Amino acid sequence: MRTRTKSVTFMLYFALSITSLALLLPLISLMLTSFKTFNEAIGVYKWIPAQFNFKNYEKVFALKNFHYWIYLRNTMLIFAMKAIGTILTCTLTAYAFIRFNVKYKNFFFILLLSVILLPGELLAIPTYQFYLSVGWFDTPYPLFTACFFATDVFMIFMFRQFFMSIPKELFEAAETDGASEFKIYWRILIPLSRPAIMTCLILYFTGTYNDLYGPLLYLSSPGKWTMAQGIKSIEDIFNLGPRDYIVPWNLVSAATILSLIPVMVLFMFAQKQFMESVARTGIKG
Amino acid sequence: MSVRNRKDTRNFFAFAGISMIGFATFYLYPIIRTVYMSFTNTSIMDPMHDMIGWKNFKRAIVYDDVFHLALRNTFRYAIAVAILKLLLALFAALLLNNQIKGIGFFRSVFFMPFVIPTFAVSYVFRFFFHPANGLVNRIFINLGLKPSGWYADSRTSLITLVVSSLWGFGVPMLIFLAALQQVPRDLYEVAELDGATRWQKFKAITMPAISPVLFFNIMLATIDSLKSFDLAFLMGHGEGYPANSTLLYSVYLFNQAFKNPWSLGYASALALMFFVILLTLTGVNFLLSRLYVKTEN
């Protein structure tokens, strides 16, 4: 450890605090606004609301065309299906790649990985037509079906990396004891893979929660919307005219803050894992 | 030996077969179909379609003025976001790379904006920059500056979008930070004994040491910012508001494909061109990386 003079340490704390404040300022501004009255929120900006109460939050829950719990439930269901599909099929695939020796195995693997380079736009149109033709428009199925076919190659890669760190002798010992390959996979590998599964869950939770593209394409009736669509559309409830209508920021900010709660709770309880997961894969879900 | 081989092959396909079906259905087939459709005038309204040769590409490259605008917006936006985001991430990582009390707290605070979903980010910044109700204009007025229309004015809307996009710099920051923590401390101590200044140490030790992750970060930032959809879609009300000034490539493509008149053929051509652009830039990044990436040996 190098020694630091007091003034350098002070400068460091100063820079860290200023940067933190600058980063938090937009969020603080929105949070304070969720306690303002309508008139306070749409006037010239003022910092502190006259009184703090949860009236705006109550109003958001009472809104006729905004259903927080339904959006949350829909999003969670999609998340659950995506996570189950991916964890099941991607671990199977990754296991196959580390366990069995097959000709051209590496070629197969590189072929699978190459799809990382493809932009989603290139695949979206035929996929959209396909789901339309099987009558799955306005259902959540198009949002998770692909996950049941090990299509998330990022996750295959991630699981493979993780499995490679498990000693091979473990599998071999089980094999000599007469365990079937499926039993080795299910009884030995999966219980050992908790950290990798956790990474997948965290990334999928934020990814699904954040996703707007998919729901916009497939979910049209409000009862099926995800949180992303619900929050995106909340201003339309108050939209009576052209683009420059008055947005009731007191209610919109309260709804936005409410929508942040699930991800923020996850972030707070699993900060370390969260940052490790994201840094390891470099993606937002 | 061969019994083992046969068993392995059987097992391999039993376990990995599903991924091959997935690869064929969700990647191979859509790509082939997109390439095919880009030479047709397919639209959802009119399922019958004709082969029209290169007309879609010609329309995009020669005639479509809105597309040209979207292309220009996208490049301006992507270059600005990529550069500024990486600078911000590097600055933050350098600040965080100090063993002082409470550094974990600051790391969480710096990372936190990344966790906020884009649909919320859009409201956060639309309120922050709101011409009449927002904090930024209030500060401008207090400082005696002229308030701006920000996202509501086509001259400043793209800049506002860029600034709003910078918030979530957490990923490149963590990647830089991990690399900085790998740099051996004694290198700095030796340099200090030789009387090196802060800048000299940064240039001679830090930069070469983190150059491989710099390459990775540049790659990620370029592709991510070129592909951005969510925030531009939300802040531009899905139409590049105001006056197409925030219309990005992916938003334009989305509107061509999935809104009236659902011109899937034309959108397929746009998607194909998008892929070629991304691939080219990835290649350029690779070539340029030889100039600045210092490998171990």
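Quick caveat: nothing in here was measured; it's all calculated off a predicted structure.

Caption draft 1: Layout of the overall build of chain B. Regarding its fold elements, chain B presents 13 helices and zero strands. Walking chain B from its N terminus toward its C terminus, one meets helices and strands in the order α-α-α-α-α-α-α-α-α-α-α-α-α. Computed over C-alpha atoms, the radius of gyration of chain B comes to 24 Å, more than 25% over the 19 Å expected from 2.2 N^0.38 for 297 residues, which places it beyond the range of a compact globule. Counting only C-alpha atoms, chain B reaches 80 × 75 × 35 Å along its principal axes. Taking all 297 residues of chain B together, the buried fraction comes to 40%.

Caption draft 2: How the structure looks around the overall build of chain A. A tally of regular secondary structure across chain A gives 15 helices and zero strands. Computed over its C-alpha atoms, the radius of gyration of chain A comes to 24 Å, more than 25% above the 19 Å expected for a compact globule of 285 residues. In terms of its C-alpha atoms, chain A occupies a principal-axis envelope of roughly 75 × 70 × 35 Å. Counting the 285 residues in chain A, one finds 38% classified as buried. Here the contacts in chain A between residues at least 6 apart in sequence split such that 77% fall between residues at least 24 apart.

Caption draft 3: Quick look at the interface of chain A and chain B. Listed as interface residues are 69 residues of chain A and, on the opposing side, 70 residues of chain B. A total of 13 residues in the side of chain A that touches chain B trace back to one element, the largest contributor, which is helix H1 (residues 6–33) of chain A. Its residues assigned to classes, the side of chain A that touches chain B comprises 47 nonpolar, 18 polar and four charged.

Caption draft 4: Representation of the environment of Gly236 of chain B within the structure. All names here are of chain B. Mapping Gly236 onto the fold places it in the loop between helix H11 (230–235) and helix H12 (249–258). Sequence-wise, Gly236 and Asp194 are 42 residues apart; in three dimensions their C-alpha atoms are separated by 54 Å. Among all residues touching Gly236, those that are not within four sequence positions of it are Tyr241, Thr246, Leu247 and Val251.

Caption draft 5: Unusual backbone geometry, seen in detail. A cis amide bond, omega -5°, links Tyr241 of chain B with the succeeding residue Pro242 of chain B. Residue position: Pro242 of chain B is located in the loop between H11 and H12. At Ala150 of chain A, a residue that is not glycine, the phi angle is positive and equals roughly 50°. Structurally, the position occupied by Ala150 of chain A is in the loop between helix H7 (141–144) and helix H8 (153–164). The class of Ala150 of chain A is buried, set by 31 C-beta atoms lying within 10 Å. The backbone of Ala243 of chain B shows a phi angle near 50°, a positive value even though the residue is not glycine. In this fold, Ala243 of chain B is placed in the loop between H11 and H12. On the neighbour-count criterion, Ala243 of chain B (13 C-beta atoms within 10 Å) is partly exposed.

Caption draft 6: Fine view of the packing of helix H8 (residues 170–182) of chain B against helix H10 (residues 198–227) of chain B. Residue and element names in this part refer to chain B. The contact between H8 and H10 brings their axes to 9 Å, and the two run at 170°. When the interaxial angle is binned, H8 and H10 end up roughly antiparallel. Two secondary-structure elements touch here, H8 through Pro172, Ile175, Phe176, Ala179 and Leu180 and H10 through Ala209, Ile210, Val213, Phe216, Asn217, Leu220 and Ala221. Of the residues contributing to the contact of H8 with H10, the split by class is eleven nonpolar, one polar and no charged.

Caption draft 7: Geometry of the packing of helix H6 (residues 120–133) of chain A against helix H1 (residues 2–37) of chain B. H1 of chain B packs onto H6 of chain A with a crossing angle of 90° between their chain directions and a minimal axis gap of 8 Å. On the basis of their axis angle, the class for H6 of chain A and H1 of chain B is roughly perpendicular. On H1 of chain B, the residues touching Leu122, Leu123, Ile125, Pro126 and Thr127 of chain A of H6 of chain A are Phe26, Tyr27, Tyr29, Pro30, Ile31, Arg33, Thr34 and Met37 of chain B.

Caption draft 8: Seen up close, the nonpolar core. Within the largest apolar cluster, 145 residues are counted, with the highest numbers of intra-cluster contacts made by Ala255 of chain A together with Val124, Met173, Phe176 and Leu253 of chain B. Considering each element in turn, this core owes the most residues, 13 residues, to helix H3 (residues 65–96) of chain B. The contact partners of Leu253 of chain B, leaving out residues within four places of it in the chain, are Glu121 of chain A together with Ala267, Leu270, Ala271 and Phe274 of chain B.

Caption draft 9: Here's a closer look at the confidence of the model for chain B. For chain B, the mean per-residue pLDDT works out to 91, and 98% of the residues sit at or above 70. For this predicted complex, the interface score ipTM comes out at 0.89, while the overall pTM is 0.91.

Caption draft 10: Representation of the confidence of the model for chain A within the structure. Per-residue confidence for chain A averages 90 on the pLDDT scale, and 94% of its residues sit at or above 70. Highest mean pLDDT in chain A belongs to H7 of chain A (97); lowest belongs to helix H15 (residues 271–281) of chain A (78).

Caption draft 11: Main features of the environment of Phe15 of chain B. In this structure, Phe15 of chain B sits in helix H1. Since 23 C-beta atoms lie within 10 Å of it, Phe15 of chain B is described here as buried. Taking the C-alpha atoms as reference points, Phe15 of chain B and Arg290 of chain B, 275 residues apart in sequence, are found 40 Å from one another. Ignoring any residue separated from it by four or fewer positions in sequence, one finds Phe15 of chain B in contact with Leu92, Thr93, Tyr95 and Ala96 of chain A.

Caption draft 12: Inspection of the environment of Ala209 of chain B at higher detail. Residues and elements named next belong to chain B. Relative to the helices and strands, Ala209 resides in helix H10. Classification of Ala209 by C-beta neighbours within 10 Å gives partly exposed; the count is 17. Residues Ala209 and Gln182, 27 residues apart in the sequence, show an inter-C-alpha distance of 8.4 Å. Residues contacting Ala209, with those up to four places away along its chain left out, are Ala179 and Val183.

What counts and how
Residues numbered from 1 in each chain as written. Chains lettered and ligands numbered in written order. Predicted model: local features only at pLDDT ≥ 70, side-chain atom pairs only at ≥ 80, totals over all residues. Helix = DSSP H or I, 4+ residues; strand = E, 2+ residues; numbered from the N terminus. Rg over C-alpha atoms; globule rule 2.2 N^0.38 Å. Buried ≥ 20, exposed ≤ 12 C-beta atoms within 10 Å, placed from the backbone. Contact = placed C-beta atoms within 7 Å. Nonpolar A, V, L, I, M, F, W, Y, C, P; charged D, E, K, R; others polar. Axes fitted to C-alpha atoms, helices over the stretch in contact; angles between N-to-C directions. Parallel < 35°, antiparallel > 145°, perpendicular 65-115°, else oblique. Core = buried A, V, L, I, M, F, W, Y, C linked by C-beta atoms within 7 Å. pLDDT = per-residue confidence, 0-100.

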